[in-house]
Amino acid sequence: MEILKLERNNPDFYRLLGPVFGSREIEKKSHDRFYDDPGKVWYLVPGQAAASVLENTVKNFWADSAEAGDALLQGLIQEYDSLHGIVPLCYSDLFEARGFATRKYRVHFMEVDL
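Residues numbered from 1 in each chain as written. Predicted model: local features only at pLDDT ≥ 70, side-chain atom pairs only at ≥ 80, totals over all residues. Heavy atoms only, no water.

Draft legend 1. The overall build of the protein chain, seen in detail. A count of helices and strands for the protein chain gives four helices and seven strands. Listing each helix as α and each strand as β along the protein chain from the N terminus yields β-α-α-β-β-β-α-β-α-β-β. Taken over the C-alpha trace, the protein chain has a radius of gyration of 13 Å; the compact-globule value for 114 residues is 13 Å, and the two agree within 12%. Taken over the C-alpha atoms alone, the protein chain extends approximately 35 × 30 × 25 Å along its principal axes. Within the span of the protein chain, comprising 114 residues, buried residues form 43% of the whole. Working note: accessible area of the protein chain is about 6300 Å², and carbon and sulfur atoms make up 46% of it. (Helix = DSSP H or I, 4+ residues; strand = E, 2+ residues; numbered from the N terminus. Rg over C-alpha atoms; globule rule 2.2 N^0.38 Å. Buried < 20%, exposed > 50% of the residue type's maximum accessible area, 1.4 Å probe, protein only. Areas by Shrake-Rupley, 256 points an atom, 1.4 Å probe, with all protein chains shown as cover.)

Draft legend 2. Fine view of helix H3 (residues 66-79). Taking 1.5 Å per residue, 14 residues should reach 20 Å; H3 reaches 20 Å between its end C-alpha atoms and fits that length. Looking at H3, one finds that the buried residues are Ala-68, Gly-69, Ala-71, Leu-72, Leu-73, Gly-75 and Leu-76. On its buried face, H3 sits against strand S2 (41-45), strand S3 (49-54), strand S4 (57-63) and helix H4 (92-97). (Expected span 1.5 Å × (residues − 1). Contact = heavy atoms within 4.5 Å.)

Draft legend 3. Structural context of the packing of aromatic side chains. Within this structure, the stated rule accounts for nine aromatic pairs. Their ring planes at 85° and their centres at 4.9 Å tell us that Phe-13 and Tyr-14 sit as a pair that is edge-to-face. Note on Phe-13: relative accessible area 0%, which makes it buried. A ring pair is formed by Tyr-43 and Tyr-80, whose centres lie 6.1 Å apart and whose planes are at 80°; its orientation type is edge-to-face. Remark: Tyr-80 occurs in the loop between H3 and strand S5 (84-88) and Tyr-43 occurs in strand S2; sequence separation between them is 37 residues. The same class applies to Tyr-43 as to Tyr-80, namely buried. Of the aromatic side chains, those joined through ring pairs into one cluster are Phe-13, Tyr-14, Phe-21, Phe-34 and Trp-42. (Phe/Tyr/Trp six-rings, centres within 6.5 Å; stacked < 30°, edge-to-face > 60°.)

Draft legend 4. Layout of helix H1 (residues 13-21). Those residues of H1 not exposed but buried are Phe-13, Leu-16, Leu-17, Val-20 and Phe-21. Along the axis of H1, the buried residues cluster in a sector spanning 130°; they form a single face. The exposed residues of H1 that point more than 90 degrees off its buried face are Arg-15 and Pro-19. (Arc of directions from axis to C-beta.)

Here it is in structure tokens:
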């Protein structure tokens, strides 16, 4: 599965990630809003999964299938020596299967640490 790495200065950034930022379906599934904050590095499996990372902290995560989510996590693990963050609880199986320690954080979120 192809994983694209993007930052806001990429000329295709909004064309590729705009549908993620504006999707009510993604917001309902993840209980999270995605913003194009400065400094975030975005990882995208087009139409299937997206994540943002800021200084080893996962800031956003969404996947429409376990396969796409696992591919995205695998790519993040290869890119970073360590990762932590607060991500949607609905992805706990994916993160735990890749070796992340997880701890529930509020109703729809969990802390993750690798």
